[in-house]
Amino acid sequence: MMGKGEAPAPREPEEEEDTGGVVKLISAEGFEFVVDKKAAMVSNTLRNMLTSPGGFSETRQGEVRFPEISTHILEKICQYFYWSLHYSSGKETAEFPIEPEITLELMMAANYLDA
Amino acid sequence: MSGGGPPRKRNFKIEAFKQRVELDPKYAERTWKVLEHAIHEIYNHNASGLSFEELYRSAYNMVLHKYGEKLYDGLQSTMTRRLKETSKSIETAQGGLFLEELNAKWMEHNKALQMIRDILMYMDRTYVPAAHRTPVHELGLNLWRDHIIHSPMIHRRLLDTLLDLIHRERMGEVINRGLMRSITKMLMDLGPAVYQDDFEKPFLEVSASFYSGESQEFIECCDCGNYLKKAERRINEEMERVSHYLDAGSEVKITSVVEKEMIANHMHRLVHMENSGLVNMLVDDKYEDLGRMYALFRRVPDGLSTIRDVMTSYLRETGKQLVTDPERLKDPVEFVQRLLNEKDKHDKIISVAFGNDKTFQNALNSSFEFFINLNNRSPEFISLYVDDKLRKGLKGATEEDVEVILDKVMMLFRYLQEKDVFEKYYKQHLAKRLLSGKTVSDDAERSMIVKLKTECGYQFTSKLEGMFTDMKTSQDTMQDFYAKKSEELGDGPTLDVHILTTGSWPTQPSPPCNLPTEILTVCEKFRSYYLGTHNGRRLTWQTNMGTADIKATFGKGQKHELNVSTYQMCVLMLFNNADGLTYKDIERDTEIPASDLKRCLQSLACVKGKNVLRKEPMSKDISEDDTFYFNDKFTSKLVKVKIGTVVAQKESEPEKQETRQRVEEDRKPQIEAAIVRIMKSRRVLDHNSIVAEVTKQLQARFLPNPVVIKKRIESLIEREFLERDKVDRKLYRYLA
């Protein structure tokens, strides 16, 4: 399900260098997810955020805080980024499993991120 | 994102986060202040301190909580205020800095607009379509258009500046093309309508008056070639300008302005310009100028037809002079050569300068057809030209050269309307060539026949081919004759007979002259041999067409071999038995027709260097009272002396009339045959249609005269092939 070797596993807050190829997404609780920019750009909101001219703070620091998205939702979203990246182009598809109890929250986050 | 099933189904409505249902009434106001501040910061280049996520979330929340309209209106008024300030700063920019300031501000606005659109994306995505409002980006452009470009202080100044810069560039100054490009691109970004109304239209108007003035000035002081060069350069400049800093769509418009002002408006004056117009270019083979004229005139309506018309009338005029100039008519070979040169010259012009344009080729062809047929001797002359080439002109030429020349002749032949007249002459000339053995190359002769055949069909050449066959069988017959009868003949004179099929050859029956007895015996032997092998044939001698080689010994014992005609031989043989003979004596003894005899004697006695006879009294012409003597004092450096008959190569006036008459006679059965063919299939037809049909059928050979057609119809009615309709006298019926 995760297309890339870099697993979007939750990590303890720690210093991460801005590598250009990746972006750090931070949940409401402060958990950081490091994902490839390519994956993050599945979300149109993130795409605009990362490509907008003029240098917002996110672009410069390479990290985005989401004070309204909780860790487990953000994790699911990151998983979706990779799933989408992997399956959107090719013909083969696979189920993307969603637990019923988080459906609503997940959908709102999806609307927010335009993904 | 969607759960399960096919991904990306987004059609459902999302309600607000539930924890935010209770909303602080001041919330919207506060959030807007944050965003408004951010917009100002973005314009002030301070965006780095801002968090995209925070701004996006603020806008998101406002839209989600039904404050979309407040957000949108706020944006609009904030931006409007910013742009009004911007417009003031642009207005105060001095002179040349104006455009640069405008451009810089435009760049800033564009960048800010993009950032604003990004953070307000959620509004763009949900509120704008639902409320039917203008998307943020477009809104930003519209506001720029209304408050900057259309601001009264800027609008006129911008246009004037642009037009002034273009004018300066036209006058040779170097301007900042990059800046021009940015500005025109800005106008395009604001919408094609803005570009067209606020720039392109006035630009085209100004250009039109500029070029109208310039062309007036040029045409007064330049010759045609130079003018065209200038016009070409201007068009290229305008196209280059478009490619550098105008919208690509302007190219057609501006070039058509230049074309109209510089070419179309002066077209006739250019073409007819004295000493340098089209005709002069044609005369002087100015390929480059002609090519330029073609390329430029092609761009404007009626341009090419103007060139074509002038060229056609020029061709017709010079052609007419050429074919009717009595000086030129003296030498038929030269005459045809001139036609060919003229054709080559214009063919080259058309291929080099006019891009092998079909319509020009057609114009050239029709002009030639027009003037070649103005002179009714053209068919004769063309045949004479071929005759000349095939007699001597082609000696040493390669097979390809021969083909080229013959092809050219065929091209002229195609222009002829009276192809049957050509055939008549060609037959005569071919017969002379064959009988005198003067033809240079059998291959070339046959090649010409094949060409005529492909052009006009089997009928046209069947008799010509028959002549070749006769030549071949004659050769075989003579070989056989000598093989079988050589011992009988002893060492008398050698005879070479050409047996000509009556009908294939253009022979006029002429009474045979009295041959010397030596010859007569051989002839009789041959007659008996020939009639012995071929039953039921009749032989008549055409003594007017033969030649003879005779050996003569002169006063100091020097021997010469004389190459003479049969008539001349007969005359000379008389002098074996007598030293002096009167004209009357000769006429009585030989029975040669008077006109032929005079010519024959003239060539024997009056040509310097070949005067084997002496005439008393000495004069240029032969009269019936003259007396002739064998010229003992004849000398020549050559052992073989060829004595030509004085023949007018070109036909004399009565001969011409005669040929004409024969041609007319030959046409009658052809016209009748055509009428019968047509009536057989149509059964009933009116007079005019018959004339039209007959003309159509026969025009490959000649143009029948309607009066002649009418006479033929009458003759056919007399012979009961046709009858007039009893009711409608104009109708004819075919009688089976």
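Residues numbered from 1 in each chain as written. Chains lettered and ligands numbered in written order. Predicted model: local features only at pLDDT ≥ 70, side-chain atom pairs only at ≥ 80, totals over all residues. Heavy atoms only, no water.

Chemist: Just checking my understanding: could you explain the overall build of chain B for this structure?
Modeler: In terms of regular secondary structure, chain B is built from 29 helices and nine strands. Computed over its C-alpha atoms, the radius of gyration of chain B comes to 48 Å, more than 25% above the 27 Å expected for a compact globule of 736 residues. Each principal axis of the C-alpha distribution contributes one length, and for chain B these read about 155 × 65 × 60 Å. A burial count over chain B gives 46% of its 736 residues as buried. Carbon together with sulfur atoms contributes 50% to the accessible area of chain B, which is approximately 37600 Å² in total. Once the 113 positive and 112 negative side-chain charges of chain B are each reduced to a mean point, those two points are 3 Å apart. (Helix = DSSP H or I, 4+ residues; strand = E, 2+ residues; numbered from the N terminus. Rg over C-alpha atoms; globule rule 2.2 N^0.38 Å. Buried < 20%, exposed > 50% of the residue type's maximum accessible area, 1.4 Å probe, protein only. Areas by Shrake-Rupley, 256 points an atom, 1.4 Å probe, with all protein chains shown as cover. Lys, Arg positive; Asp, Glu negative; His and termini not counted. Charge placed at Lys NZ, Arg CZ, Asp CG, Glu CD.)

Chemist: How do you make sense of the packing of helix α15 (residues 303-324) of chain B against helix α16 (residues 332-352) of chain B when you look at a structure like this?
Modeler: Packed helices, taken two at a time, are described by their axes: the angle between them and the distance between them. Residue and element names in this part refer to chain B. For the pair α15 and α16, interaxial distance at closest approach is 11 Å and the crossing angle is 165°. Classified by the angle their axes make, α15 and α16 are roughly antiparallel. For the pair α15 and α16, the crossing hand works out as right-handed. Where α15 abuts α16, its residues Met 311, Tyr 314, Leu 315, Thr 318, Leu 322 and Val 323 lie against Phe 335, Arg 338, Leu 339, Glu 342, His 346 and Ile 350. (Axes fitted to C-alpha atoms, helices over the stretch in contact; angles between N-to-C directions. Parallel < 35°, antiparallel > 145°, perpendicular 65-115°, else oblique. Left-handed = near helix turned anticlockwise from the far one by under 90°. Contact = heavy atoms within 4.5 Å.)

Chemist: Help me understand the nonpolar core in this model?
Modeler: In this structure, A:Leu25, B:Met123, B:Trp144, B:Leu158 and B:Phe199 are the most contacted members of the largest nonpolar core, which totals 99 residues. In terms of domain composition, this core takes at least three residues from each of domain 1 (18-149) and domain 2 (155-267) of chain B. The contacts of B:Leu158, once residues within four sequence positions are left out, are B:Phe98, B:Leu99, B:Leu102, B:Ile149, B:Ile183 and B:Leu187. Listed in part, the 81 residues of the second largest apolar core include B:Ile219, B:Tyr314, B:Ala431 and B:Leu434. (Core = buried A, V, L, I, M, F, W, Y, C linked by side-chain atoms within 4.5 Å. Domains from an automatic or database assignment.)

Chemist: Teacher, can you tell me more about unusual backbone geometry here?
Modeler: Leaving glycine aside, a negative phi is the common case for residues, and trans is the common case for peptide bonds. All names here are of chain B. Located in the positive-phi region is Asn 356, a residue other than glycine, with phi close to 55°. Topologically, Asn 356 is positioned in the loop between α16 and α17 (358-372). Asn 356 gets classed as partly exposed once you look at its relative accessible area, which sits at 41%. You will see that Glu 591, though not glycine, has its phi angle at about 60°, which is positive.

Chemist: Just checking my understanding: could you explain the domain arrangement of chain B for this structure?
Modeler: How large an interface is tends to be reported as the accessible area lost when its parts come together. All names here are of chain B. Domain annotation of chain B identifies domain 1 (18-149), domain 2 (155-267), domain 3 (307-469), domain 4 (470-533), domain 5 (547-642) and domain 6 (654-734). With centres defined by C-alpha atoms, the gap from domain 1 to domain 2 works out at 38 Å. Contacts between the two partners involve 16 residues from domain 1, matched on the other side by 15 residues from domain 2. Taken together, both faces of the contact between domain 1 and domain 2 bury some 1300 Å²; the carbon and sulfur share is 73%. Its largest share of buried area at the contact with domain 2, domain 1 owes to Phe 98, Leu 99 and Ile 149, together 47% of the area lost on that side. Where domain 1 packs against domain 2, one counts zero salt bridges. Put simply, domain 1 and domain 2 have two residue pairs in polar contact (both at pLDDT 80 or more) between them. Those elements that place two or more of their residues in the side of domain 1 that touches domain 2 are α3 (68-91), α4 (97-119) and α6 (136-149). With seven residues, α4 is the single largest residue contributor to the side of domain 1 that touches domain 2. (Buried area = accessible area lost by both parts, 1.4 Å probe. Salt bridge = Lys/Arg side-chain N within 4 Å of Asp/Glu carboxyl O. Polar contact = N/O pair within 3.5 Å; in protein donor to acceptor, adjacent residues only side chain to side chain.)

Chemist: What is the right way to read empty space enclosed by the protein from this model?
Modeler: Regions of empty space are outlined by a rolling probe, equal in size to a water molecule, passed over the atoms. All names here are of chain B. Considering all chains together, one arrives at four cavities of 30 Å³ or more under this definition. The calculated volume of the largest cavity comes to roughly 50 Å³. Forming the boundary of the largest cavity are Asn 376, Arg 377, Glu 380, Val 421, Tyr 425, Lys 656, Thr 659 and Arg 660. Residue assignment for the lining of the largest cavity shows that the elements contributing at least two residues are α20 (419-435) and α27 (653-682). Of the residues forming the lining of the largest cavity, the biggest block, three residues, is contributed by α27. When the residues that make up the lining of the largest cavity are grouped by side-chain class, the tally is two nonpolar, two polar and four charged. For the lining of the largest cavity, the two domains that each supply at least three residues are domain 3 (307-469) and domain 6 (654-734). (1 Å grid on protein atoms, 1.4 Å probe; cavity = no way out; pocket = protein on both sides within 12 Å on 5 of 7 lines; lining within 4 Å. Points joined across faces, edges and corners; volume = space filled by probe spheres on them. Nonpolar A, V, L, I, M, F, W, Y, C, P; charged D, E, K, R; others polar.)

Chemist: Explain a negative patch on the surface to me, please; I cannot follow it from the model alone.
Modeler: Residues and elements named next belong to chain B. A contiguous patch of negative charge, built from Glu 399, Glu 400, Asp 401 and Asp 443, is present on the exposed surface. With three residues, the single largest contributor to the negative patch is helix α19 (residues 399-415). By secondary structure assignment, the location of Glu 400 is in helix α19. The exposure class assigned to Glu 400 is exposed, which follows from its relative accessible area of 56%. (Patch = residues over 30% accessible without salt bridge, like charges linked within 9 Å, V, L, I, M, F, W, Y side chains within 5 Å.)

Chemist: I keep staring at the environment of B:Asp589 and nothing clicks. Help me out?
Modeler: Residue and element names in this part refer to chain B. Mapping Asp 589 onto the fold places it in helix α25 (residues 583-590). The partly exposed category is assigned to Asp 589, whose relative accessible area is 32%. Here Arg 588 takes part through its side chain, which lies 3.5 Å from a polar atom of the side chain of Asp 589.

Chemist: Explain helix α24 (residues 566-574) of chain B here, please?
Modeler: Three or four residues apart is the spacing at which side chains of an α-helix point the same way, because the helix has 3.6 residues per turn. For α24(B), a buried count of nine out of nine residues is recorded, marking the element as mostly surrounded by other parts of the structure. Buried residues of α24(B): B:Thr566, B:Tyr567, B:Gln568, B:Met569, B:Cys570, B:Val571, B:Leu572, B:Met573 and B:Leu574, and no others.

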